[in-house]
Amino acid sequence: MYINHITSKSFKTIFTILRFQILLSSIYCDSNVKLQGSHVLRVICYVVNNGGGRLRGPEQQRGKTHKPSRFPFKKLYEPEVADLPKPDVVESVKSGADGGDTGVSTASYTAEGEEEEGEMPTDFERLWKHTSDNPQDFNSWTDLLQYCEQEGHMRASRQALNAFLVRYPLCYGYWKKFADLERQVGHNDKAEEVCERGLKAIPLSVDLWIHYINLLLGTLNMNLPESTRRIRSVFEEAVAAAGWDFHSDRLWDLYAEWEKEQGNLKSMTSVYDRVLRIPTQLYNTHYEKLKTHLTSHPPQDVLSPEEYSKVRTEYKQSQIQAKKERSDITADEEERPPGEEESADNGEDSEEAVQKMQELLLISREELYQQNEAEVRKRWNYEDAIKRPYFHVKPLDRAQLKAWQSYLDWEIAEAETAAMAAEGTAVEGHEDSKQECVAGHERVLILFERCLIACALYEEFWDKYVHYLEPRGLEEVRNVYHRACEIHLPYKHSIHLQWALFEEKHGNNSEARRILESLEITVPGLAAVRLRRVGLERRAGHLDVAESLLKETVDQSKDNPTLHAFYSIKLSRFLHKLCKNPARARTVLQEAIELSPDNGRLYQNLLELEMSGDLRANGGGVQQCVAKALAAPLSPKTKILFSQRSLQFAEDFGTTVQSVLSIYEEHQKLLKEHNAKRGAENGDNDDPEKINKMDDGSALTVPPQTAPPTMPHVPMTTPPPSMMGGDMSGSYGSYGSWYQQYGGYGSYQNPWNQYNQYYPPS
């Protein structure tokens, strides 16, 4: 049967088998083990059917003739079929003109030690270009990966998977598939490296930890002591990283069963004792297994020496107390020094003693079980509300987002309560409260990490995590920002701005500068990013750099008059207020007016600039600005505002009454033209009632005042609007109205809403 199975393979497969025969001979000759022909054939068939892999010791290769495998439970945790590649075991071999093998299996990959030097598959470049042009299109990535898998081209699959997992590292199924592909072609070291990369990206993945451990169990020679130490070390890393997860039960079971298969019953007890203190979904199953384990073996075989000595002492004390109660104890027994063993004790426990000690063990663990059960009940409803704990690009519904928010808020409140209790008992030295405080913090961190797998594309959860961690450590916050901005949210400018602000707040201006520059390259054209860069340089005292950034933006935005006007106003105010150079500020505004003569904001800022100078030396500049605005293609309402502001200026600072009267007459003329035009447009000329109402409104005057002898009384037809009063700072400071009027350019909407990040919530 084995010969027929082998001879049905292609020449390449037979060559691989011969190489493994040589390897087997060298291994077993060194170990002085006599290898029978049937054993060789069984091993060869195993290699053929399992796609290669590192060989295990002889006792794992003897089929049904030896004792059961040391790891029969491993099959319980094999990857799901949907997550694994689906190789086609049938190879089609075609002879080409040169007599070579031109056929390729739909999913057969290069053997170990061989690399594909030929061209990529036919459609690879097209699909690769599509993913490069649209890196956020998840479907294009899955199409590329599926195509590479169907073609069975290892180099193409490796390139596609590497690029995909850089952008979507939380897809643990693809890490598992990548490792399986490497193992299938015999690259066991690369398979381990892939798993380690995946666990670094998503350390909370129980499935990926189990896959990694199964990979090591299938490739390491478990006859070597260092292999056992390696597996135990990986188990410890796994439970330290993911053991606090509510769904980590499979990992704990795998660890305990592995220790049992090693014959280390004491370590198995330790594993179950540890999980007994952690709220998990299958907490009751662990407890039942622990009880079975403790009652199936003598206490000295399953307990550490310290605990065994303690429970044995408790048993003896209980026996002495029982004898005292029955008044059957002798004087010699009463006066025996503490710690002295009974003379008849030969170091072995009687059956009755074993049973009593087992009862004592269960009593002590029953209390821990009850406490853990209470913790599980607190969390059960929150856990039940979470329907999608894994990552996907599809949006989560509102109920799921609310469930995560509620769960986080509750867990944080629990941790804070435990911390307050620990502070209250710190003076008394209660260790239990301190341990509960640490455990509460660990549970919060684990829950945040779980949440940021399912909600990785929602920046509000990253913000929440940062606010929780910031009082506890800056490096932890920096790590969270790095993961959010560099991996999961590269196009979300808000969280990048928060990161830059965090770095600037803690004195790391160079990193803040790098973050903003990188963001501007990734998402160009955002005003908030450029203004934040300007603000960073200004606060650092680099006024020349800030000015150059604004000038560069003004020059680059000439194709967009609205945006050009916005940046020109920013630059002029910067030059006027900080550089104390009103001449250059005036030039900037005048050049912007030439490009956008219908932009009233430019005239308003120019008027503010003229009025902020020495009015005795430059009083004519105000009137020139007003005249220019009145001659510009502005709306009638805007012109009336400028005319009224000019009249107010003449009344306050005019040097002659003739100038005041002249401006007043021009203002009245402008009002009449505007009212006449508005009446004609509304058809109000034929309505006597509306005319009477207008007359009544126009007859309203301010109360008579005592005027100077040379100054005639000038009635005010309408009160001056608040926005034109004073130095107009209120008008030019309300940038919200600016964005309402000139709201959108591109995809950027109201970026000033992001400036509330300067004031963190209390």
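Fair warning: this is a prediction, and the values are worked out from it, not measured in the lab.

Rules used throughout
- Residues numbered from 1 in each chain as written.
- Predicted model: local features only at pLDDT ≥ 70, side-chain atom pairs only at ≥ 80, totals over all residues.
- Heavy atoms only, no water.
- Helix = DSSP H or I, 4+ residues; strand = E, 2+ residues; numbered from the N terminus.
- Buried < 20%, exposed > 50% of the residue type's maximum accessible area, 1.4 Å probe, protein only.
- Contact = heavy atoms within 4.5 Å.
- Areas by Shrake-Rupley, 256 points an atom, 1.4 Å probe, with all protein chains shown as cover.
- Expected span 1.5 Å × (residues − 1).
- Arc of directions from axis to C-beta.
- Axes fitted to C-alpha atoms, helices over the stretch in contact; angles between N-to-C directions.
- Parallel < 35°, antiparallel > 145°, perpendicular 65-115°, else oblique.
- Left-handed = near helix turned anticlockwise from the far one by under 90°.
- Nonpolar A, V, L, I, M, F, W, Y, C, P; charged D, E, K, R; others polar.
- Phe/Tyr/Trp six-rings, centres within 6.5 Å; stacked < 30°, edge-to-face > 60°.
- Lys NZ or Arg CZ within 6 Å of the ring centre and 35° of its normal.
- Core = buried A, V, L, I, M, F, W, Y, C linked by side-chain atoms within 4.5 Å.
- Polar contact = N/O pair within 3.5 Å; in protein donor to acceptor, adjacent residues only side chain to side chain.
- Salt bridge = Lys/Arg side-chain N within 4 Å of Asp/Glu carboxyl O.

### Here we look at the overall build of the protein
Point 1. Summing up its helical and strand segments, the protein has 34 helices and 2 strands in all.
Point 2. Taken across its 762 residues, the protein has 44% of its residues classed as buried.
Point 3. Summarising the internal contacts of the protein: among those between residues at least 6 apart in sequence, 64% fall at separations of at least 24.
Point 4. Accessible surface computed for the protein: about 41,300 Å², of which carbon and sulfur atoms make up 52%.

### Some words on helix 8 (residues 188-201)
Point 1. Over its 14 residues, helix 8 runs 20 Å from end to end, which matches the ideal 20 Å to within 8%, given 1.5 Å per residue.
Point 2. Those residues of helix 8 that fall on the buried side of the exposure criterion are Asn188, Ala191, Glu192, Val194, Cys195, Gly198 and Leu199. Here the buried residues of helix 8 occupy an arc of 155° about the axis, which is enough to place them on one side. In helix 8, the exposed residues that point more than 90 degrees away from the buried face are Asp189 and Lys200.

### Quick word on the packing of helix 23 (residues 509-522) against helix 24 (residues 527-539)
Point 1. Interaxial distance between helix 23 and helix 24 falls to 10 Å at its minimum, and their mutual angle equals 160°. Between helix 23 and helix 24, the angle falls in the class roughly antiparallel. Every pair of crossing elements has a handedness; the one defined by helix 23 and helix 24 is left-handed. Together, Asn509, Ala512, Arg513, Leu516, Glu517, Leu519 and Glu520 of helix 23 and Val529, Arg530, Arg532, Arg533, Leu536 and Glu537 of helix 24 make up the contact between the two elements.
Point 2. When its residues are assigned to classes, the contact of helix 23 with helix 24 shows 5 nonpolar, 1 polar and 7 charged.

### A word on the packing of aromatic side chains
Point 1. Under the definition given, this model contains 22 aromatic pairs.
Point 2. Relative to Tyr468, the ring of Phe448 has its centre 5.8 Å away and its plane inclined at 35°; by these criteria the two rings are tilted. Residue Phe448 is located in helix 19 (residues 431-454), and its partner Tyr468 is located in helix 20 (residues 459-469); the two are separated by 20 residues in the primary sequence. Taken as a pair, Phe448 and Tyr468 share a single burial class, namely buried.
Point 3. Ring-pair connections join several aromatic residues into one group, and the members of that group are Phe124, Trp128, Phe138, Trp141, Phe164, Tyr168, Tyr174 and Phe391.
Point 4. Seen from the ring of Tyr468, Arg472 lies directly overhead, with NZ or CZ sitting 3.9 Å from the centre.

### Looking at the nonpolar core
Point 1. In terms of nonpolar packing, the biggest core is built from 78 residues, with Phe164, Trp209, Ile231 and Leu251 touching the most fellow members.
Point 2. Among all residues touching Ile231, those that are not within four sequence positions of it are Leu216, Leu217, Leu220, Met222 and Trp258.

### Considering helix 6 (residues 154-167)
Point 1. Across its 14 residues, helix 6 extends 20 Å between first and last C-alpha, which sits within 8% of the 20 Å expected from 1.5 Å per residue.
Point 2. The complete set of buried residues in helix 6 reads Met154, Ala156, Ser157, Arg158, Ala160, Leu161, Phe164 and Leu165.
Point 3. Summarising the contacts, the buried residues of helix 6 are in contact with helix 4 (124-133), helix 5 (138-151), helix 7 (172-184) and helix 8.

### Things to note about the environment of Gln371
Point 1. Within the fold, Gln371 resides in helix 17 (residues 351-385).
Point 2. For Gln371, a relative accessible area of 45% translates into the label partly exposed.

### Some words on unusual backbone geometry
If a residue is not glycine, its phi is most likely negative; likewise, a peptide bond is most likely trans.
Point 1. With phi around 55°, Lys580 is a residue other than glycine that occupies positive phi space.
Point 2. Following the sequence through the fold, Lys580 ends up in the loop between helix 26 (561-577) and helix 27 (582-595).
Point 3. Take Lys580: its relative accessible area is 65%, and that puts it in the exposed class.

### Observations concerning the packing of helix 7 against helix 8
Point 1. Following both chains from N to C, one finds helix 7 and helix 8 inclined at 170°, their axes separated by 7 Å at the closest point. In terms of orientation, helix 7 lies roughly antiparallel with respect to helix 8. From helix 7, Trp175, Phe178, Ala179, Glu182 and Arg183 reach across to helix 8, where they touch Asn188, Lys190, Ala191, Val194, Cys195, Arg197, Gly198 and Ala201.

### Some remarks on the side chain of Ser227
Point 1. Tracing the backbone shows Ser227 in helix 10 (residues 225-242).
Point 2. The exposure class of Ser227 is buried, given its relative accessible area of 6%.
Point 3. Only 2.7 Å separates the side chain of Ser227 from the backbone oxygen of Asn221, close enough to count as a polar contact.

### Focus: the pattern of salt bridges
Point 1. For the structure shown, the criterion picks out 36 salt bridges.
Point 2. Arg274 is paired through a salt bridge with Glu236; the nearest N and O atoms lie 2.9 Å apart. In this pair, Arg274 sits in helix 12 (residues 265-275) while Glu236 sits in helix 10, placing the two residues 38 residues apart along the sequence.
Point 3. Accessibility expressed as a relative area gives 31% for Arg274, which makes it partly exposed.
Point 4. Take Glu236: its relative accessible area is 30%, and that puts it in the partly exposed class.
Point 5. Here Glu475 ties to Arg478 by a salt bridge, and the two come within 2.8 Å at their closest N and O atoms. Of the two residues, Glu475 and Arg478 are both situated in helix 21 (residues 474-488); the distance of 3 residues between them amounts to about one turn of the helix.
Point 6. By relative accessible area, Glu475 is classed as exposed at 55%.
Point 7. Overlapping salt bridges bring together Glu375, Lys378, Arg379, Glu411 and Glu414 as one network.

So yeah, pure geometry; function would need other evidence.
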